[in-house]
Protein chains: 2
Amino acid sequence: MENLKLALLGFGNAGQAFCRLLLEKQDEIRDTYKTDVTVTAIATASKGNIHDPEGIDLEAALEDVSTEGRFSERHRLTQLSTMELARQADYDVLVEMTPLNIFTGQPAADHIKTAFSRKKHAITANKGPVAWFFRELAEMAREAGVCFFYETTVMDGTPVFNLVENTLKMAKVTEVSGILNSTTNFILEELALGADYDDIMERGRSLGFIEADPAMDIEGYDAAAKITALLNVLMDARITPDQVKRKGIEDITVNDIKDAASRGKVIKLLCRGVRKDDGSVEATVGPAEVSKDDILAGINSTTSIVSITTDLMKKVSIIEHEPEIEQTAYGVFGDLLRVLDNAAIKK
Amino acid sequence: MENLKLALLGFGNAGQAFCRLLLEKQDEIRDTYKTDVTVTAIATASKGNIHDPEGIDLEAALEDVSTEGRFSERHRLTQLSTMELARQADYDVLVEMTPLNIFTGQPAADHIKTAFSRKKHAITANKGPVAWFFRELAEMAREAGVCFFYETTVMDGTPVFNLVENTLKMAKVTEVSGILNSTTNFILEELALGADYDDIMERGRSLGFIEADPAMDIEGYDAAAKITALLNVLMDARITPDQVKRKGIEDITVNDIKDAASRGKVIKLLCRGVRKDDGSVEATVGPAEVSKDDILAGINSTTSIVSITTDLMKKVSIIEHEPEIEQTAYGVFGDLLRVLDNAAIKK
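Described below are features of the structure shown in this document. Every chain's residues receive numbers from 1 upward, in the order its sequence appears when written. Lettering for chains starts from A, numbering for ligands starts from 1, and both go in the order in which the items are written. Local features in this predicted model are restricted to residues whose pLDDT is 70 or higher, and side-chain atom pairs enter the listing and the counts only when it is 80 or higher, whereas totals over whole chains, interfaces and linings include all residues. Hydrogens and water molecules were not included; the side-chain quantities draw on all heavy atoms of the structure.

### What to know about the sheet that holds strand β5 (residues 93–96) of chain A
As a general point, the strands of a sheet are linked pairwise by backbone hydrogen bonds and lie either parallel or antiparallel. All names here are of chain A. Inclusion rule: The pairing criterion is simple: DSSP has to find at least two bridges between the two strands. In this text, helices come from DSSP runs of H or I with a minimum length of four residues, and strands from runs of E with a minimum of two, each type numbered from the N-terminal end. Residues are treated as being in contact if the distance between any of their heavy atoms lies within 4.5 Å. To obtain an axis, a line is fitted to C-alpha atoms, over the contacting stretch when the element is a helix, and the angle between two such axes runs from 0 to 180 degrees between their N-to-C directions.
Strand order in the open sheet formed by seven strands is β4-β3-β2-β1-β5-β6-β7, and the pairing between neighbours is mixed. Of all the strands in the sheet, the pair left with one neighbour each is β4 (77–78) and β7 (148–149). The pairing of strand β2 (residues 35–43) with strand β3 (residues 49–51) spans two bridges and is antiparallel. For isoleucine 42, the partnering residue across the bridge sits in β3 and is isoleucine 50. Contacting β1 (2–9) and β2, helix α1 (residues 13–33) crosses the sheet at an angle of about 155 degrees to β2.

The following block contains the structure:
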C-alpha cells in the first residue's frame, strides 16, 4: 500500500466537504489505487493550523470545526503559517483552497509555486492563480515533473478543462463563451420576474447565492477571472483578468429588461473569448440580449454553461445544473484521482 | 516509427469524412505518437472492396468514389466479403461503419466479435452492437486485452461515454436523459411553427435531416437504440432496445402542439433511463411537454442534449450544436487517438 499525503490550505465549506468526500471514498481509493490518502497539514485563517506527518484525524477535525469553530488540542497544532506549511510540511500534493484575491491571485499563486519548487503536485480550487499566473505555473509544473490541476476553478467539478484535455483530443479551441456568474444570473432573472432590487439582494443572500459584498460579481470581476482562466488554459491566451473588456450589470435597469422582453429577449451576463486575426485572444464580459428561444435563456439561477468551439467538433456546450458545495468538493476530488492516475501510469 | 493498420468496414459519407480527417492529421499523429496510421482494408456494399497490407492510397480511393462511385483498378481490389475481410485482412484496428440494423445490431456485432477473437481493437460508429451486444462485446475486448471504443454511436464526436469514463471518475450514474433524435426534433419544431406536415417532410429530406423512410425515427426506434447504448455503457443496464418503453411522435397532432403552447409548453421526444429500487434500469422514449423556459425547449433542429446525473456531480448536461458529417468523423478519429494513447501507455 502506497501513501499519498495532502496539505490543505484553506478549510472553509469546500475544504470541509472535500474531507467528508475523502472519508466516504477512502476504501474505494485504496481498492482502486492501492494507496492510502492522508491529510498531513491543514492551514486556516481562523481555525488554527495542524501539521501531522502521520495523518490528521479528519473526522475529529471536522467535528472540532463544527462544534468549536476551531481545531482542538487533540491535533498536532502548529504555529507555522500557511506559507511556512507550504514550504516545510510533509506532503505530496498541495491543495490550494485559500480565499480568492481576484485582483492579484496572491498569495495563492505563491503557495503553488512553493509546492512546485519542492517537486510536489498542486491542485487549486482557487481561480486566482490560473487567471493571473497560468503560464508560469504550468511551466514550473512541467519542469518539476509534477501535476497541476485546476478543474474546480470554473464550474466546480463539471469537466471543462478536462473535457478539452481528455475528450476532445487534437481539436483546437477557437472560441469559448458562457454564463459563468450565478449571482448576476440570479439577479437578472429575478428582476425580469418583476422582483424589487433590495428584495432580490436579501433573498439572494439568504439563499447563499449573493455574497455580503456582491460588487465583485455585479461588476463582472468574477466572470472576468473565470473567462481568463478558461482562455489561458484552453486557448493559450496569455492574458490577465485586467485585460478583459469588462462590463457588469450595474447599469442594467428594470426598463432595459422589460424593453428586451417586449422584443422576445432576455439579458444575460455573457463571457466570451475569441482568437483574432493577429493571433491574440480577445476576452469580453458584458450584458447582452439573447433570444428567449436560445439555450442561454434557459440558464437560470445557479446553473451555468460553457460553450467550446473547436476546429474539429464545432460547438459543444456543457451545463452544470444548480450545484451545491459537494460539487465543488468533487472538483478537487476528481483532480486528486487524476494525480493518483498519473502516479499509477509512471510506475 | 510504429505502424497501425486500420480496416474500414463501410465507406459512406462518414467513412469518407474520416479518411479526409486522417489525411489532414497524419503528420500530427506521426509527431505525437511516432506512428504511421494506414488503412489496409476497405469493405463496402456497392463500391468494391480493397485489401492492401502495404496501405491503401486514400486520396485515390476518395477520388475514385467521388468521380466513379466505386474503387478503380489502381487499388488492390479483392473478392473477399466484408466478413471475410474482418476475418482475414491484415489490420490492428477494425472500424465498424456498416449500415445499422436497428432490430438486430447485426452483422456489425459479428464483425466486431471477429476482430476481438483475433485480438484486434475495434471502434464502432454503428450503434447497433452497443445497443444489442454491449456486455458481451466489452467482455470479449477485456479478455482479449484490446480496446473497444464507440463514442460516435451517440451524438457523433461529442464526448458522452468519454465524459463519464474520463472526466467524472468514481461518480456513479443514477439517471440519463436527453433529446437524441434530430428528425423528430426538427418535425416537432416545424409543426410548432405552423408548417404543414408534408412540407416539413420534403424540406427535411432536402436538408438531409429526414431519411427516405423516416419510420425508424418517427416511431422512436432510433432514440430507443441510443438510450439503450447510453444505459448499457453508463449504467450497466444490460438491456436491449426492445425493452425500452417506446412511443414515437406518430400520434402527435398540430392541436396537441398548439394546446401545449397555450400552456407555455413545447413537445419534445425525450429519452430517459433511471435505476429502479430493484436495481434494474427502466428506459423510456416518448413525447413529453417541457416548459418553454426549460433548457430542453432550446434544443432545436439537429442540436441534441444528454443530461447525466451522478451521485457526486448531480446533473451535468452536454450539448452538440448542429453537427455535420465532420463531427461524426471526429468521433471515430477521437477513438482512434484513444487506441494510440493506450498503445503508448502499454509500452
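Structure's up, so let's keep going.
### Some thoughts on unusual backbone geometry
Residues and elements named next belong to chain A. The peptide bond linking glutamine 106 to proline 107 adopts the cis configuration, its omega dihedral lying at 0 degrees. Here proline 107 lies in the loop between β5 and α4 (108–117). At arginine 238, a residue that is not glycine, the phi angle is positive and equals roughly 55 degrees. Assignment of secondary structure puts arginine 238 in the loop between α10 (221–235) and β9 (245–246).

### Digging into the pattern of salt bridges
Pairing between side chains becomes possible if they bear opposite charge and their charged atoms approach one another. What counts, and what does not: Salt bridge, as applied in this entry: a Lys or Arg side-chain nitrogen positioned within 4 Å of an Asp or Glu carboxyl oxygen. Relative accessibility thresholds used throughout: buried, under 20% of the residue-type maximum; exposed, over 50%; partly exposed, between the two (1.4 Å probe, protein chains only).
As enumerated under the stated definition, the model contains 48 salt bridges over all chains in all. Between Arg135(A) and Asp236(A) there is a salt bridge; the shortest N-O distance is 3.5 Å. Taken as a pair, Arg135(A) in helix α5 (residues 128–144) and Asp236(A) in the loop between α10 and β9 lie far apart in primary sequence, 101 residues in all. A salt bridge links Asp36(B) to Arg30(B); the shortest N-O distance between them is 2.4 Å. For Asp36(B), a relative accessible area of 23% translates into the label partly exposed. Note on Arg30(B): relative accessible area 27%, which makes it partly exposed.

### Digging into the relation of the copies chain B and chain A
Put simply, the rule reads: Residues reaching a pLDDT of at least 70 in both copies supply the C-alpha atoms on which the copies are superposed by least squares.
Least-squares fitting of chain B to chain A yields an RMSD of 0.0 Å, with the transformation described by 0.0 Å of translation along the axis and a rotation of 180 degrees. Overall, the copies show the geometry of a two-fold rotation axis. Across chain B, the rotation axis passes nearest the C-alpha of Ile318(B), at a separation of 2.3 Å. A shared binding surface is used by both copies, with 100% of the interface residues of chain B retained as interface residues in chain A.

### Notes on the sheet that holds strand β10 (residues 265–275) of chain A
Ordered by their spatial adjacency, twelve strands build an open sheet running β9(A)-β11(A)-β10(A)-β8(A)-β12(A)-β13(A)-β13(B)-β12(B)-β8(B)-β10(B)-β11(B)-β9(B), and the pairing between neighbours is mixed. Each edge of the sheet is formed by a strand with only one pairing partner; in this case those strands are β9 of chain A together with β9 (245–246) of chain B. In this structure, strand β8 (residues 173–179) of chain A lies alongside β10(A), joined through four bridges in antiparallel fashion. In the sheet register, Val176(A) faces β10(A), and the bridge partner there is Gly273(A). Sitting on the sheet, helix α7 (residues 182–192) of chain A touches β8 and β10 of chain A, and the angle it makes with β10(A) is about 150 degrees. Contacting β10 and β11 (281–291) of chain A, helix α11 (residues 254–262) of chain A runs over the sheet at an angle of about 90 degrees to β10(A).

### Let's talk about the interface of chain B and chain A
To keep things clear, this is the line we draw: Computed with a 1.4 Å rolling probe, the buried area is the accessible surface lost when two parts are put together, summed over both parts. Classification convention: Asp, Glu, Lys, Arg as charged; Ala, Val, Leu, Ile, Met, Phe, Trp, Tyr, Cys, Pro as nonpolar; all other residues, Gly among them, as polar.
Contacts between chain B and chain A engage 46 residues on the former and 46 residues on the latter. The contact between chain B and chain A buries some 3900 Å² in all, and 63% of this surface belongs to carbon and sulfur atoms. Inspection of the chain B/chain A interface yields six salt bridges. When the shortest N-O distance is used, the salt bridge between Asp341(B) and Lys169(A) registers 2.9 Å. Breaking the side of chain B that touches chain A down by element, the ones donating at least two residues are α1 (13–33), α6 (161–167), β13 (314–320) and α12 (325–346) of chain B. The greatest single-element share of the side of chain B that touches chain A, amounting to eight residues, is contributed by α12(B). A breakdown of the residues in the side of chain B that touches chain A according to their chemical character gives 20 nonpolar, twelve polar and 14 charged. Note that strand β13 (residues 314–320) of chain A and β13(B) share five bridges and pair antiparallel.

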